[in-house]
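So the chains spell out like this:
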Amino acid sequence: MQKYNNPVKTCSVQVSETDIAWYAMSATYRSELKIHSDLQSRGVECYLPLQTVEKEHRGKKIKVRVPLVSNLIFLHSSRQVIRQLKLSIPHLQYKILRETGCLPRPITVPDRDMLNFIKATGGFDGVQVSVLRDGTLSAAAIPAGTRVRVTGGPMDGLEGTLVKTTGRKNHSLVVTLDKLCSIQLVIPRSLVELLPAL
């Protein structure tokens with residue numbers, strides 16, 4: 001009988017119960033704003049990316065703040081604390097990472113990536129933002145996949161992947177949270193510098 005060596009699957013590192021990390025959470029039933037407000041009133045550090053949109057209400061156009069990415073809120077806490085919060089906030093659920101050959105686990109975002117994402121979605125005037133779903137981009141959407149850094153303005157220090165040049169003056173820059181979503185921003189070309197390849 002022939003024996004085969006099964007390759008061992010390397011799973012993502014699991015965060016312990018008491019370690020504080022950024023957790024991607026699902027706010028079901030369009031309850032993101034209510035949950036965000038509830039968490040803030042309890043003193044829990046959280047982040048809900050918002051955008052301003054124009055809606056019609058009773059025949060009048062009004063501007064309202066709505067979630068940039070539906071059903072997504074971030075908590076900076078430990079699993080131990082989040083477990084207690086979930087008892088009183090039933091619509092707050094973990095976003096789960098399912099990797100082949102590994103146990104499902106809550107999705108965490110590294111601090112540096114989260115700060116980059118917060119900077120990218122901070123609602124600065126004059127910056128066009130659009131959401132690309134699922135954290136994945138087609139290969140054709142990123143011609144060279146060039147890593148760049150913004151060197152001025154409200155997005156100073158933001159790092160991302162150059163997607164394309166939009167006209168003579170601007171670049172489209174993508175900031176990705178792995179397995180969650182990608183945010184595309186339009187940045188003036190004069191404020192973009194190349195980073196060394198990873």
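Here the structure is shown first, and the text comes after it.
Attention here is on the structure that accompanies the text.

Basis of the calculations
Residues numbered from 1 in each chain as written. Predicted model: local features only at pLDDT ≥ 70, side-chain atom pairs only at ≥ 80, totals over all residues. Heavy atoms only, no water. Salt bridge = Lys/Arg side-chain N within 4 Å of Asp/Glu carboxyl O. Buried < 20%, exposed > 50% of the residue type's maximum accessible area, 1.4 Å probe, protein only. Helix = DSSP H or I, 4+ residues; strand = E, 2+ residues; numbered from the N terminus. Pairing = 2+ DSSP bridges. Core = buried A, V, L, I, M, F, W, Y, C linked by side-chain atoms within 4.5 Å. Phe/Tyr/Trp six-rings, centres within 6.5 Å; stacked < 30°, edge-to-face > 60°.

### Concerning the pattern of salt bridges
Using the criterion set out here, one finds five salt bridges in the structure. In this structure, the salt-bridge partner of Asp 38 is Arg 42, at a minimum N-O distance of 2.9 Å. In this structure Arg 42 comes out as partly exposed when scored by relative accessible area, which is 39%. Between Arg 149 and Glu 159 there is a salt bridge, with its nearest N and O atoms 3.4 Å apart. With Arg 149 in strand β11 (residues 147-150) and Glu 159 in strand β12 (residues 159-166), this pair connects stretches of sequence that are ten residues apart. Under the relative-accessibility criterion, Arg 149 is labelled partly exposed at 27%.

### Considerations on the pairing of strand β1 (residues 21-27)
Among the seven residues of β1, seven are classified as buried, and the element is accordingly described as predominantly covered. Residues Ala 21, Tyr 23, Met 25 and Ala 27 point to one face of β1 and Trp 22, Ala 24 and Ser 26 to the other, with burial holding for every one of them. Of the pairings in the sheet, the one linking β1 to strand β5 (residues 73-77) comprises five bridges and is antiparallel in character. Bridging from a neighbouring strand, Met 25 pairs with Ile 73 of β5. Both β1 and strand β6 (residues 92-94) contribute to a ladder of three bridges, which runs antiparallel. Looking at β6, one finds that Ser 26 is bridged to Gln 93.

### Quick word on the nonpolar core
Formed by 27 residues in total, the largest nonpolar core has its most connected members in Phe 74, Phe 117, Leu 158, Leu 180 and Leu 185. For this core, the secondary structure elements donating two or more residues are β1, α3 (111-120), β11, β13 (170-177) and β14 (181-188). Here this core gets four residues from one element, more than from any other, and that element is β14. The next biggest cluster of nonpolar side chains, apart from the first, holds 18 residues, and it includes Leu 48, Ile 73, Leu 85 and Tyr 94.

### Describing the packing of aromatic side chains
Remark: the centre distance and the inter-plane angle together describe each pair of aromatic rings, the angle taken between the planes. Under the criterion given, the structure shown has two aromatic pairs. With a centroid separation of 5.5 Å and an interplanar angle of 65°, the aromatic rings of Phe 74 and Phe 117 are classed as edge-to-face. Taken together, the positions of Phe 74 in strand β5 and Phe 117 in helix α3 put the pair 43 residues apart, joining distant regions of the chain. Residues Phe 74 and Phe 117 agree in their burial class; the two are buried.

Any functional reading would require information that these geometric values do not contain.
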